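Summary of the model geometry
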Amino acid sequence: MDINEALIKYCLRLGDDAMILGHRLSELCSNGPYLEEDIAMTNISLDLFGQTRMMYTTAGEIEGKGRTEDDFAYKRLEPEFQNVLLVEQPNGHFGNTMARQMVFSVFYYHLFTELKGSSNEKLAAFAAKSLKETTYHMRHACEWIVRLGDGTEESHWKVQDALNEIWSYRHELFEKDEVEETLIENGIIPDSASFKPAFDSSLQEVLDRATIVEVTEGWKATGGRRGHHSEHLGHILPIFQSIPRTYPNSKW
Amino acid sequence: MFKEKLALVWEILETIPDPEIPVISVVELGVIRKVELTQLETIITITPTYSGCPAMKAFEDDIIQTLENKGFPKVVIKTIFSPAWTTDWMNDAAREKLRIFGIAPPQKGTNDKGVLFGSGPKQVNCPQCNSGNTELISQFGSTACKALYKCNDCLETFDYFKCI
């Protein structure tokens, strides 16, 4: 695969992950469990949208066909989105939201830590900037998992259930296809296998503190990177894209 | 002549307040990275505080409008992301302005050694009564760049400009 083609796809994948999760968290605006967490969810959502914009803009610049961040966000259909299935999963109760957030932010924390040394200036700058924000997101999520896991009997079993449900979705973050392989071979992105042990031990440390003895999982999620999504994305996009689709090319 | 003009641009930029925290200027906040003057354009290079900071658009509009009103030719805003913005760029005078305004200024040195959970409580003094007996309510406050704290002595809640 041509390096530029791989770069465009990789940037779009990072952008798609951040955008769909950013949208999910924005659903909690005015629906958070209480005011401070409501604000926290929307703050994290904003950071993710900022990261999305950087990646979509970069993809458009490399592509050189004049496509903007808005074109990528609003004018693509489900199969064109290549986000992992993890980020589409519904918010559920707060334990579900935090379990999803922990897996996502721990992965991205480790990825960005490596990616900030990329030979590609744009990716390196993006990773260095996003790492600072992701570190805050990760601490917030990890602290919640501990508080819920090591909390009451009810909060413990609820977060245990949430972890059991989301655990199958973490594998997809480490999938590699031609896009990643091309970029790894050319020294542009790290091989995710290199930080898998660190990712696993980070999660284990949180589980230990949260008094979660074991997380069970029955299957491995896959498909998002090929545009094969769960039902949920089909419900997210019509809401996310409703204004630009109703009033195409309008400005405000 | 050129140097004077360049200095004038910086002087004008120093009068443009942060839209969310009007006591400090965009220069003090550290978002202005470079000023260039060509015959046709005034190029201002900025960097966002947080990737998704909604105030950035207001920064851009304010900079363009203020400079163009002062007669500078076509003002162009360039955005860069590297080096990533850090609260370490804020000087002592700006920190003091924040404190007087009621926002606890960011502590110096942004590298928190803790990773998954942070390195535990650090003392943030209450900007109202200066008590060190305060507690964190939420890492995410009224804007992306602030955390919410409570003072256990004067019982006021306050914003802390968090380190990044």
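On a predicted model such as this, the values are computed, not experimentally measured, just so you know.

When helices and strands are counted, chain A shows 10 helices and 0 strands. Along chain A, from the amino end to the carboxyl end, the secondary structure elements read α-α-α-α-α-α-α-α-α-α. In terms of its C-alpha atoms, chain A occupies a principal-axis envelope of roughly 55 × 45 × 30 Å. Of all 252 residues assigned to chain A, the portion counted as buried reaches 47%. Within chain A, contacts between residues at least 6 apart in sequence are counted, and of these 77% link residues at least 24 apart.

Glancing now at the nonpolar core. A99(A), M102(A), V103(A) and I145(A) are the most contacted members of the largest nonpolar core, which totals 109 residues. For this core, the leading source of residues is helix α4 (residues 94-115) of chain A, giving 13 residues. The residues that make up this core include at least three from each of domain 1 (2-79) and domain 2 (87-161) of chain B. Once you skip the residues sitting within four places of it in the chain, A99(A) turns out to touch I145(A), V159(A), A162(A), L163(A) and I166(A).

Residue and element names in this part refer to chain B. Of the strand pairs in this sheet, strand β2 (residues 42-46) and strand β3 (residues 75-79) are connected by 5 bridges, and their pairing is parallel. Of the residues in β3, the one forming a bridge with T42 is V75. Since β2 and β3 lie parallel, the crossover through helix α3 (residues 56-69) that links them has a hand, and here it is right-handed.

Strand pairing in a sheet relies on backbone hydrogen bonds. The paired strands run either parallel or antiparallel. Residues and elements named next belong to chain B. Across the sheet, 3 strands lie side by side as β1-β2-β3; this open sheet has mixed pairing. A single partner strand is all that each edge strand has here, and the edge strands are β1 (32-37) and β3. Across the sheet, the mean angle separating the axes of adjacent strands is 20° when strand polarity is ignored. Here β1 runs beside β2; their pairing, made up of 5 bridges, is antiparallel. Residue pairing in the sheet places L37 in a bridge with T42 of β2. In the packing of α3 onto the sheet, the strands contacted are β2 and β3, and the crossing angle to β3 comes to about 150°.

What follows covers the confidence of the model for chain B. Residues and elements named next belong to chain B. For chain B, the average pLDDT comes to 88, and 95% of its residues sit at 70 or higher. Taking the mean pLDDT of every element in chain B, the minimum, 89, falls on strand β5 (residues 134-138) and the maximum, 94, on β2. Both scores are available for the predicted complex, with the pTM at 0.92 and the ipTM at 0.85.

Residues and elements named next belong to chain B. If you check the domain split of chain B, you get domain 1 (2-79) and domain 2 (87-161). A straight line from the C-alpha centre of domain 1 to that of domain 2 covers 27 Å. On the side of domain 2, 11 residues touch domain 1, which itself brings 11 residues to the contact. Taken together, the residues that form the side of domain 1 that touches domain 2 break down as 6 nonpolar, 3 polar and 2 charged.

Helix-helix packing: each pair is described by the crossing angle between the helix axes and the interaxial distance. Residues and elements named next belong to chain A. Interaxial distance between helix α1 (residues 3-26) and helix α7 (residues 178-185) falls to 9 Å at its minimum, and their mutual angle equals 120°. The angle between α1 and α7 falls in the class oblique. As for how α1 packs across α7, the hand of that crossing is left-handed. Mapping the contact onto sequence places I3, A6, L7, K9 and Y10 in α1 and V179, T182 and L183 in α7. Classifying every residue of the contact of α1 with α7 by side-chain character gives 6 nonpolar, 1 polar and 1 charged.

Turning our eyes to something else, we now look at the packing of helix α2 (residues 35-63) of chain A against helix α5 (residues 121-149) of chain A. Residue and element names in this part refer to chain A. Viewed as axis vectors pointing N to C, α2 and α5 meet at an angle of 165°, and their least axial separation amounts to 11 Å. Taken together, α2 and α5 sit at an angle that is classed as roughly antiparallel. Note that α2 runs across α5; the crossing there is left-handed. For the pair α2 and α5, the contacting residues are A40, I44, D47, Q51, M54, M55 and T58 in the first and K122, F126, S130, E133, H137 and H140 in the second. Across the contact of α2 with α5, the residue classes break down as 5 nonpolar, 5 polar and 3 charged.

Cut-off values and rules
- Residues numbered from 1 in each chain as written.
- Chains lettered and ligands numbered in written order.
- Predicted model: local features only at pLDDT ≥ 70, side-chain atom pairs only at ≥ 80, totals over all residues.
- Helix = DSSP H or I, 4+ residues; strand = E, 2+ residues; numbered from the N terminus.
- Buried ≥ 20, exposed ≤ 12 C-beta atoms within 10 Å, placed from the backbone.
- Contact = placed C-beta atoms within 7 Å.
- Core = buried A, V, L, I, M, F, W, Y, C linked by C-beta atoms within 7 Å.
- Domains from an automatic or database assignment.
- Pairing = 2+ DSSP bridges.
- Right-handed = clockwise from strand over helix to strand, strands pointing away.
- Axes fitted to C-alpha atoms, helices over the stretch in contact; angles between N-to-C directions.
- pLDDT = per-residue confidence, 0-100.
- Nonpolar A, V, L, I, M, F, W, Y, C, P; charged D, E, K, R; others polar.
- Parallel < 35°, antiparallel > 145°, perpendicular 65-115°, else oblique.
- Left-handed = near helix turned anticlockwise from the far one by under 90°.

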